[in-house]
Amino acid sequence: MQVSWVRHRDIHLLTVGRYTYTSDQRFRAIHLPHSEDWTLQIKYPQHRDSGIYECQISTTPHMSHFIHLNVVEPTTEIIGGPELYIDRGSTINLTCVVLYSPEPPAYIFWNHNDAIISYDSPRGGVSVVTEKGETTTSFLLIQQARPSDSGTYQCNPSNAQSKSVVVHVLNGEYPAAMQRGGQTFSPHTHCILLAVMLLLAVS
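On a predicted model such as this, the values are computed, not experimentally measured, just so you know.

## Some points on the overall build of the protein
Along its length, the protein carries 1 helix and 18 strands. Looking at the protein residue by residue over its 203 residues, the buried ones come to 31%. Long-range contacts, defined as pairs at least 24 residues apart, comprise 52% of the intrachain contacts of the protein with a sequence gap of at least 6. Per element, the accessible surface of the protein, about 13100 Å² overall, is 57% carbon and sulfur.

What follows is the structure in structure tokens.
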């Protein structure tokens, strides 16, 4: 009895028994003696490896089993970026989300201006809460924001690319967008709503 693996994307015979029939050295058939398990190993998987793979068994009648492989790449997002505006004295709340990860990251580091944030620094009021799961979320909280807290913050998961956001701590200025309580508002929004209300009143 022979076990073969076929890639359906190009109908390419990859392995027969323990022999490999592709020049791509990332593919290898693994079989433990006296076992019924035949494994197709793909090292360093890439997006183009996604698709249907068929395990064929040379029995009579012929037997096959189809497996759909979906290769995903973990991505990192910081909600509200790439720039956030914070009132002095309020709480900076940065939320980093790791998506499409086969398993939760082992750790997530936060940096401020390329320096790892120390949660027990003399500055105080800095904490991180990380919720691991199918989607992992890390919350960086900095209380009593001050101008020295301005700068670039970077979220660094162990299994995904880092993501950055630029934080501006303001002294009463009101730019085009302002973060209050973890949300982003635009002062123009109130003008639009007021205009709609006036139109309704006239009609």
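Resuming the write-up.
## What about a nonpolar patch on the surface?
Taken together, the side chains of Leu-13, Tyr-19 and Tyr-21 define a hydrophobic patch exposed on the protein surface, amounting to about 360 Å² of accessible area. With respect to the element layout, Tyr-21 can be found in the loop between strand 3 (19-20) and strand 4 (27-31).

## Observations concerning the nonpolar core
If you look at the biggest cluster of nonpolar residues, it comprises 20 residues, and the most contacted ones within it are Ile-92, Leu-94, Trp-110, Leu-140, Tyr-153, Val-165 and Val-167. Secondary-structure elements contributing two or more residues to this core are strand 9 (83-87), strand 10 (92-99), strand 11 (108-112), strand 14 (136-142), strand 15 (151-157) and strand 16 (163-170). If we ignore the near neighbours within four places in the chain, the residues touching Val-165 are Ile-78, Gly-81, Pro-82, Glu-83, Leu-84, Leu-94, Gly-151, Thr-152 and Tyr-153. The next biggest cluster of nonpolar side chains, apart from the first, holds 8 residues, and it includes Trp-5, Phe-27, Leu-40 and Cys-55.

## Things to note about the sheet that holds strand 13 (residues 126-131)
Sheet architecture is open: 4 strands sit in the order 8-10-14-13, paired in antiparallel fashion. A strand with exactly one partner marks an edge of an open sheet, and here the two such strands are strand 8 (75-78) and strand 13. Recorded for the sheet is a direction-independent mean angle of 15° between the axes of neighbouring strands. Where strand 10 and strand 14 come together, 7 bridges link them in antiparallel fashion. Within the sheet, the bridge partner assigned to Ile-92 lies in strand 14 and is Ile-142.

## Quick notes on the pattern of salt bridges
In this structure the tally under the stated criterion is 4 salt bridges. With a shortest N-O distance of 3.0 Å, Arg-26 and Asp-24 are connected by a salt bridge. The salt bridge involving Asp-49 is made with Arg-26; its shortest N-O contact spans 2.7 Å. One end of the pair, Asp-49, is in the loop between strand 5 (38-42) and strand 6 (51-57); the other, Arg-26, is in the loop between strand 3 and strand 4, with 23 residues separating them in the sequence. The exposure class assigned to Asp-49 is buried, which follows from its relative accessible area of 1%. Residues joined in a network through salt bridges with shared partners are Asp-24, Arg-26 and Asp-49.

## Details of the environment of Ala-160
Its location among the elements puts Ala-160 in the loop between strand 15 and strand 16. Judged by relative accessible area, Ala-160 falls into the buried class, the value being 18%. When the C-alpha positions of Ala-160 and Thr-75 are compared, they lie 5.9 Å apart, and in sequence the two are 85 residues distant. Apart from residues lying up to four places away in sequence, Ala-160 is in contact with Pro-74, Thr-76 and Val-98.

## Some thoughts on the confidence of the model for the protein
For the protein, the average pLDDT comes to 83, and 84% of its residues sit at 70 or higher. Taken as a whole, residues 176-203 scores under 50 in pLDDT and shows 25 contacts with residues more than four places along the chain or in a different chain.

## Some points on the sheet that holds strand 2 (residues 12-16)
Hydrogen bonding along the main chain pairs the strands of a sheet, whether they run parallel or antiparallel. Read across the open sheet, the 5 strands follow the order 3-2-1-6-7; overall the sheet is antiparallel. Lying at the two open borders of the sheet, with one neighbouring strand each, are strand 3 and strand 7 (63-69). Pairing geometry for strand 2 and strand 3, over 2 bridges, is antiparallel. Paired with Val-16 across the bridge in strand 3 is Tyr-19.

## Points about unusual backbone geometry
Following Thr-60, the chain continues into Pro-61 via a peptide bond in cis, with omega recorded as 0°. Despite not being glycine, Asn-113 has its phi angle at roughly 50°, a positive value. The class for Asn-113 is partly exposed, based on a relative accessible area of 43%.

Conventions we followed
Residues numbered from 1 in each chain as written. Predicted model: local features only at pLDDT ≥ 70, side-chain atom pairs only at ≥ 80, totals over all residues. Heavy atoms only, no water. Helix = DSSP H or I, 4+ residues; strand = E, 2+ residues; numbered from the N terminus. Buried < 20%, exposed > 50% of the residue type's maximum accessible area, 1.4 Å probe, protein only. Contact = heavy atoms within 4.5 Å. Areas by Shrake-Rupley, 256 points an atom, 1.4 Å probe, with all protein chains shown as cover. Patch = residues over 30% accessible without salt bridge, like charges linked within 9 Å, V, L, I, M, F, W, Y side chains within 5 Å. Salt bridge = Lys/Arg side-chain N within 4 Å of Asp/Glu carboxyl O. Core = buried A, V, L, I, M, F, W, Y, C linked by side-chain atoms within 4.5 Å. Pairing = 2+ DSSP bridges. Axes fitted to C-alpha atoms, helices over the stretch in contact; angles between N-to-C directions. pLDDT = per-residue confidence, 0-100.

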